[in-house]
Amino acid sequence: MTSIHTLNRIIADAASAPSAHNTQPWSPRMIGDGAAVELRVARKRTLPASDPTGRDTLLGLGAWLEAFSVSAAVHRVDFDVELLPALADPEAIVHARSDDPVLRIQLHQGRESTGGGTGGGTDDGTGGGAGGGTPNVRTTAADRHDGSTDAPGSRLAPAGAASPASSGGPDPDRHLLASRKTVRSGLEPAKGLVIELASSLPDWLRLVPVDADDLRHFSSLGTADTVREPGVARELAHWLRLHPSHPRYDVDGLNDRVLGVPAVASRFASAFTRNRRLREAAVRVVTPVGELWRRALLEVPVSAAGEDAPAAATAFALVADTKLLDIGSGAEVTRVLNSPLGLPPERVLEAGQALMRLWLLATARGAAFAPASEIIDSSLAQGELRYRLGLSRRDVPLFVTRVGVPRDPNPPRAPRR
Ligand SMILES: Cc1cc2nc3c(=O)[nH]c(=O)nc-3n(C[C@H](O)[C@H](O)[C@H](O)COP(=O)(O)O)c2cc1C
């Protein structure tokens, strides 16, 4: 049986996963002295106003599962994942009001390394080398190219078979987890990277390049459109920690260092995030400003779909193509496409796993992501993005980010609880 010590290390590594606003929406619980791990959505760690479909929560949980998988491979721990019905329950995913686990990770008995990991070998010979498999785990549904579906309640093989760009066994994989980077500005182009990242995806996910000027415009529109919703502005203020005196500065959320807010500004603004009355006052100011800004941005014309050279791309959208997924036929397809997510939730979880692999692959190439989810969160900005990228009704954009080599080689890291 996997030792509690090893499992604790794997769970600690999994917590390095990215999450919207650094909410860290995962709550893993060990079952039966390390026989299994159940994953729940942590209470008060979702964003019902900013993420009403649960897309970002599911992506974050998928990223957590992928990080778990990478670390488990380093420790030579095998496992299976069972998706549970709560994965499709908005009470659990959007509102975090359910105590039901969303997935169960069943650990296999057997060989386990003592930690760090020295070799990249596998029992089944899939190898841990470049472009190969993470050692000692089997193919994940995210890696299957046949579009088959694992509905919640069904068994899913573990993630991590498509190893993130490691080139020398498991230790580098663990290092990648620790050195994955998110920045908000200061990226230099990384030529050819988007093409390389795209090649690591399953068929039903693709990367569509986004022009840098378009991205700026969509991002402004998305920000203006979303912050004019008081609930969204309130949620953002709740997760900002703009001064070290904030009690959760080193725990979670977005602090002044990771956001690159100058000291003077953060000192002034921090009171508005901590004091409820000041926060409400700020929300009352921000929301009408957002409305005016949005109206001005809507006057900017957007040109129809054009070809952006993927080799020179500095930003991309991660898009799911529902035509390549087996989501039933007739009324069933319409039901899924009309659902808030536009995809079965287990597919968004898989996309989160794939997103984490992209992020780690970028890390291995010295690159960082600067996400811009406001473009997807705002139906207006998403509409303009869809028009510009020529996406069809059956394409579902899930994540938008700039990508490149950070000018600061060691950008500040967001805290973990
Ligand atoms: C689904 C998802 C959406 C995100 N959206 C944004 C975003 O819109 N803007 C942003 O600056 N960061 C975004 N991030 C990055 C998170 O803020 C970041 O992962 C978190 O603060 C933890 O920091 P780390 O990635 O450095 O560990 C997103 C991350 C995820 C997983």
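Up top is the structure these notes are about.
Residues numbered from 1 in each chain as written. Predicted model: local features only at pLDDT ≥ 70, side-chain atom pairs only at ≥ 80, totals over all residues. Heavy atoms only, no water.

Draft legend 1. Layout of the overall build of the protein. Of regular secondary structure, the protein possesses 14 helices and twelve strands. Long-range contacts, defined as pairs at least 24 residues apart, comprise 79% of the intrachain contacts of the protein with a sequence gap of at least 6. Split by element, the accessible area of the protein, about 17200 Å² in all, is 54% carbon and sulfur. (Helix = DSSP H or I, 4+ residues; strand = E, 2+ residues; numbered from the N terminus. Contact = heavy atoms within 4.5 Å. Areas by Shrake-Rupley, 256 points an atom, 1.4 Å probe, with all protein chains shown as cover.)

Draft legend 2. Structural detail: the layout of surface pockets. Here the second largest pocket defines a volume of roughly 560 Å³. Around the second largest pocket sit 28 residues that line it, and Thr-53, Pro-340, Ile-376, Asp-377 and Gln-382 are the ones nearest its centre. Among the elements of the structure, helix H6 (212-227), helix H11 (331-338), helix H13 (374-377), helix H14 (379-389) and strand S12 (395-406) are those that each provide at least two residues to the lining of the second largest pocket. Considering each element in turn, the lining of the second largest pocket owes the most residues, four residues, to H14. Its residues assigned to classes, the lining of the second largest pocket comprises ten nonpolar, ten polar and eight charged. (1 Å grid on protein atoms, 1.4 Å probe; cavity = no way out; pocket = protein on both sides within 12 Å on 5 of 7 lines; lining within 4 Å. Points joined across faces, edges and corners; volume = space filled by probe spheres on them. Nonpolar A, V, L, I, M, F, W, Y, C, P; charged D, E, K, R; others polar.)

Draft legend 3. Examining the environment of Thr-322 more closely. Within the secondary structure, Thr-322 sits in the loop between strand S10 (315-321) and H11. Assessed through its relative accessible area of 0%, Thr-322 is described here as buried. Between the C-alpha atom of Thr-322 and that of Arg-347, which follows or precedes it by 25 residues, the distance is 9.9 Å. With sequence-adjacent residues up to four places away left out, Thr-322 is seen in contact with Ile-327, Leu-337, Gly-342, Leu-343, Arg-394 and Val-396. (Buried < 20%, exposed > 50% of the residue type's maximum accessible area, 1.4 Å probe, protein only.)

Draft legend 4. Region of the structure containing the environment of Leu-176. Structurally, the position occupied by Leu-176 is in helix H4 (residues 170-179). Relative accessible area serves as the criterion here: at 7%, Leu-176 is assigned to the buried category. For the pair Leu-176 and Trp-359, spaced 183 residues apart in sequence, the C-alpha separation works out to 9.4 Å.

Draft legend 5. Layout of unusual backbone geometry. Within the chain, Gln-24 stands out as a residue other than glycine whose phi angle is a positive 50°. You can see Gln-24 is positioned in the loop between helix H1 (4-14) and strand S1 (26-31). Notably, Ala-96 is not glycine yet its phi reads approximately 50°, a positive angle.

Draft legend 6. Up close: the site of the ligand. Among the 19 residues in the neighbourhood of the ligand, the closest are listed as Arg-180, Thr-182, Arg-184, Ser-373 and Arg-416. The side chain of Arg-180 places a nitrogen or oxygen atom 2.8 Å from an oxygen atom of the ligand. Contact between the ligand and Pro-371: a nitrogen atom at 3.2 Å from a main-chain N or O atom of the residue. Considered class by class, the residues forming the shell around the ligand number eight nonpolar, five polar and six charged. (Near = heavy atom within 4 Å. Polar contact = N/O pair within 3.5 Å; in protein donor to acceptor, adjacent residues only side chain to side chain.)

Draft legend 7. Expanded view of H14. Residues of H14 that are buried include every one of Ala-381, Gln-382, Glu-384, Leu-385, Arg-388 and Leu-389, and no others. All buried residues of H14 lie within an arc of 160° about the axis, which places them on one face of the element. Structurally, H14 contributes buried residues whose contacts are with strand S7 (205-209), H6, helix H10 (276-298), S10, H13 and S12. Two or three places before Leu-380, at the start of H14, stands the capping residue Ser-378, its side-chain oxygen 3.2 Å from that residue's backbone nitrogen. Backbone geometry just downstream of H14 places Gly-390 in the positive-phi region, at approximately 65°. (Arc of directions from axis to C-beta.)

Draft legend 8. Geometry of the packing of aromatic side chains. Counting across every chain of the model gives five aromatic pairs. Ring centres of Trp-359 and Phe-399 lie 5.8 Å apart, and the angle between their planes is 50°; this geometry places the pair in the tilted category. A residue pair is termed long-range when its members are at least 10 positions apart, and Trp-359 in helix H12 (residues 345-364) and Phe-399 in strand S12 qualify at 40 residues. For Trp-359, a relative accessible area of 4% translates into the label buried. Judged by its relative accessible area of 6%, Phe-399 falls in the buried class. (Phe/Tyr/Trp six-rings, centres within 6.5 Å; stacked < 30°, edge-to-face > 60°.)

Draft legend 9. Expanded view of empty space enclosed by the protein. A full pass over the atoms with the stated rule returns one cavity of 30 Å³ or more. Considered as a void within the structure, the largest cavity measures approximately 40 Å³ in volume. Lining the largest cavity are Ser-19, Ala-20, Thr-23, Pro-25, Arg-45, Thr-46, Leu-47, Asp-51, Asp-56 and Thr-57. Of the residues in the lining of the largest cavity, the class split is three nonpolar, four polar and three charged.

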